[in-house]
Amino acid sequence: MAELDITSPLLSSPSSYQPQTVLTVHDDQDSEPSNLQSSLPTTILHQNHNHGRTHNENGHHSSPNPYEFLRSGGFSIPASTTVDPFRNETPFISGIYEVIKIVLCLPIALARLVLFGASLVVGYMATKVALAGWRDKQNPMPKWRCRLMWVTRVCARFILFSFGYHWIRRKGKPAPREIAPVVVSNHVSYIEPIFYFYELFPTIVASESHDSIPFVGTIIRAMQVIYVNRFSPTSRKNAVNEIKRRASCNVFPRVLLFPEGTTTNGKALISFQLGAFIAGHPIQPIIVRYPHVHFDQSWGFISLPKLMFRMFTQFHNFMEVEYLPLIMPSDHQKQNAVRFAERTGRAMASALNVVQTSHSYGDLMLLMKAAQLQQEKPWIYMVEMARIESLYHISSLEAVDFLDKFLSMNPDPSGCVKPHDFLRVLQLKACTLSEEIFGFLDVEKNGSITFKQFLFGSAHVLKLPLFRQACELAFAECDTDGDNFCTKKELADVLRHTFRELDDDEVQGLFNLFDTDNDGRMSRDDFFYCLRKNPLVIAIFSPRLLRKNLSKAGDKMLEDIV
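Reading the values: the criteria
Residues numbered from 1 in each chain as written. Predicted model: local features only at pLDDT ≥ 70, side-chain atom pairs only at ≥ 80, totals over all residues. Heavy atoms only, no water. Pairing = 2+ DSSP bridges. Helix = DSSP H or I, 4+ residues; strand = E, 2+ residues; numbered from the N terminus. Axes fitted to C-alpha atoms, helices over the stretch in contact; angles between N-to-C directions. Phe/Tyr/Trp six-rings, centres within 6.5 Å; stacked < 30°, edge-to-face > 60°. Lys NZ or Arg CZ within 6 Å of the ring centre and 35° of its normal. Patch = residues over 30% accessible without salt bridge, like charges linked within 9 Å, V, L, I, M, F, W, Y side chains within 5 Å. Areas by Shrake-Rupley, 256 points an atom, 1.4 Å probe, with all protein chains shown as cover. Salt bridge = Lys/Arg side-chain N within 4 Å of Asp/Glu carboxyl O. UniProt positions renumbered as here; feature names shortened; annotations may be inferred. Parallel < 35°, antiparallel > 145°, perpendicular 65-115°, else oblique. Left-handed = near helix turned anticlockwise from the far one by under 90°. Contact = heavy atoms within 4.5 Å. Nonpolar A, V, L, I, M, F, W, Y, C, P; charged D, E, K, R; others polar. Expected span 1.5 Å × (residues − 1). Buried < 20%, exposed > 50% of the residue type's maximum accessible area, 1.4 Å probe, protein only. Arc of directions from axis to C-beta.

## Notes on the sheet that holds strand E6 (residues 182-185)
Sheet strands pair by backbone hydrogen bonding; their relative direction is either parallel or antiparallel.
Then comes step 1: Across the sheet, 7 strands lie side by side as E5-E12-E11-E6-E9-E7-E8; this open sheet has mixed pairing. Each edge of the sheet is formed by a strand with only one pairing partner; in this case those strands are strand E5 (169-171) and strand E8 (226-228). Here the average twist between neighbouring strands, direction ignored, is 25°.
Then comes step 2: Here 3 bridges tie E5 to strand E12 (residues 320-323), and the two strands are oriented parallel to one another. Paired with Lys 171 across the bridge in E12 is Glu 322.

## What to know about the packing of aromatic side chains
Then comes step 1: If you walk through the whole model with that rule in mind, you get 27 aromatic pairs.
Then comes step 2: Geometrically, the ring pair formed by Phe 231 and Tyr 361 is tilted, given 6.5 Å between the ring centres and 50° between the ring planes. One end of the pair, Phe 231, is in the loop between E8 and helix H8 (233-247); the other, Tyr 361, is in helix H11 (residues 361-372), and 130 residues separate them in sequence.
Then comes step 3: Taken together, the ring pairs in this structure connect Phe 116, Phe 163, Tyr 190, Trp 299 and Phe 312 into an aromatic cluster.
Then comes step 4: Directly above the ring of Trp 379 sits Arg 87, whose terminal nitrogen or CZ lies 4.3 Å from the centroid.
Then comes step 5: Sitting above the plane of the Trp 150 ring, Arg 153 keeps its charged end 3.9 Å from the centroid.

## Let's talk about a nonpolar patch on the surface
Then comes step 1: Among the surface-exposed residues, Ile 93, Val 99, Val 103, Leu 106 and Phe 309 lie close enough to one another that they form a single nonpolar patch of about 410 Å² accessible area.
Then comes step 2: The element best represented in the nonpolar patch is helix H4 (residues 96-131), accounting for 3 residues.
Then comes step 3: Along the chain, the position of Leu 106 falls in helix H4.

## Here we look at the UniProt feature "domain: EF-hand" (unreviewed entry) in the protein chain
Then comes step 1: The sites that carry the UniProt feature "domain: EF-hand" (unreviewed entry) are, in the present numbering, residues 502-537.
Then comes step 2: Each end of residues 502-537 is marked by a C-alpha atom, and these two atoms are 16 Å apart; helix forms 58% of the span and strand 6%.

## Let's talk about the packing of helix H13 (residues 396-407) against helix H16 (residues 451-462)
Then comes step 1: Closest axis-to-axis distance for the H13/H16 pair is 10 Å, and the angle between their directions is 125°. Judged by the angle between their axes, H13 and H16 are oblique. The chirality of how H13 crosses H16 is right-handed. Contacts from Ala 399, Phe 402, Leu 403, Lys 405 and Phe 406 of H13 reach H16 at Phe 451, Phe 454, Leu 455 and Ser 458.
Then comes step 2: For the contact of H13 with H16, a count of residues per class yields 7 nonpolar, 1 polar and 1 charged.

## So, helix H10 (residues 337-352)
Then comes step 1: With 16 residues, H10 extends 22 Å between its outermost C-alpha atoms, agreeing within 8% with the 22 Å of an ideal straight helix rising 1.5 Å per residue.
Then comes step 2: By the burial criterion, the buried members of H10 are Ala 337, Phe 340, Ala 341, Thr 344, Gly 345, Met 348, Ala 349 and Leu 352. Projected down its long axis, H10 shows its buried positions confined to an angular sector of 160°, all on one face. Every exposed residue of H10 that faces more than 90 degrees away from the buried side is listed here: Arg 346 and Ser 350.
Then comes step 3: Elements that come into contact with the buried residues of H10 comprise E6, strand E10 (268-269), strand E11 (283-289) and strand E13 (355-356).

Here it is, written out as structure tokens:
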């Protein structure tokens, strides 16, 4: 198998750089490592960290690229949409009409609360009876148990009535289960699962955390729920396999999924997860609308108790359900879930007359993190995570970690960070290279960076093909005695090639950044963990990698990599 020449891209001359990423592949397995080393001095003289000015992918005139030694040509940031898919339009009670209506509805709300509680208790008891003694959860629920569940389904309709949904407008009809074994719906509120439980009694896909919800957990178990942990690849794979199994067998109920993976405000569709589309079965899309004037019923970024209170204190809440025509996968799309999901998304967005954005559940996580840390405008930290996941394979959890780092830089109310706060958090001494690192992120050249710039820039560096190899080489330079640990003195010796005047406190600050387990010494694991969390910091080792011939130990390590 052809191998990648690690040293050539890392140390090549910028004069030969082309805008495209070039990977040199050698079929000859007998290339001499000594030839690689002998070419280093000439290469270093050409580069010498004195790059000419370049233009990044946005076309802005930029300072020297501190990551050119990794063959980075800069990065571009897609334009952001102005749509906020999670914001509830009426988070607060405002206006004389609303105040009067709530006061008048308070006695009604108490009656509704009693009806809600009674329906929930009766439905829960009926479900417990239906589930009693049933152990074979891998097969469909027996018919006599399903008939008992009709009591719970009627209770679900009373629960909808208690929330003010006295009548629900329907358009179209659900297709027979034999024709459309999978249905998908947009997700605006906690009301849709209750409605679909009453209307269709489907199998649903839900988060594992739902199983522990009092009363509700028991009821959804009767729907033979498919549990999934969205952060576990194994769990997601098992859920997809279970969806395929149940959709292929007509004795199971139809499978219902909310492909957006979370609730929105109904003003947009966000990116779809692919679980519903991988099996390649015909799908019937269903869209739900909540027409309103004074009260937005969406479960956007608003607490559940507040939303329930507002529903209880409305004269009537409007809900419209529309069953759309079936979408059949083409032969090609049976093998391509992405295209199948795109077709379905376009059909649903067109029927709703809304746009589909690249937001995902990850954006909601960022929004909640920013709100938790009391940011004045938490919504400005959403970045359309589906696009970043597609470009750089950065997970939502990694993005939240980057946001945590960014917020420690004390952004101003507009969400921008100045150079001195950026350097302070990354423990970088003010110098030309530090300015270049900041300038690399500051694609608009206005003297500050946003979280989106920080995230895209960090993800770009982290996912460069040569990043891992650069980390290996950098640690080899720090580990001069070959014991797989780096002392504070060894780190200082390397860093003085980058920062000419580095006092003891500054060395200690950088050492603490790398010593992630705070045991007083930097292990190989500490070093790599730090650079994964702070990929921009790899640039501080570039002068050493560009100017110093590798030792024999470094050559041996290179041979192992190559």
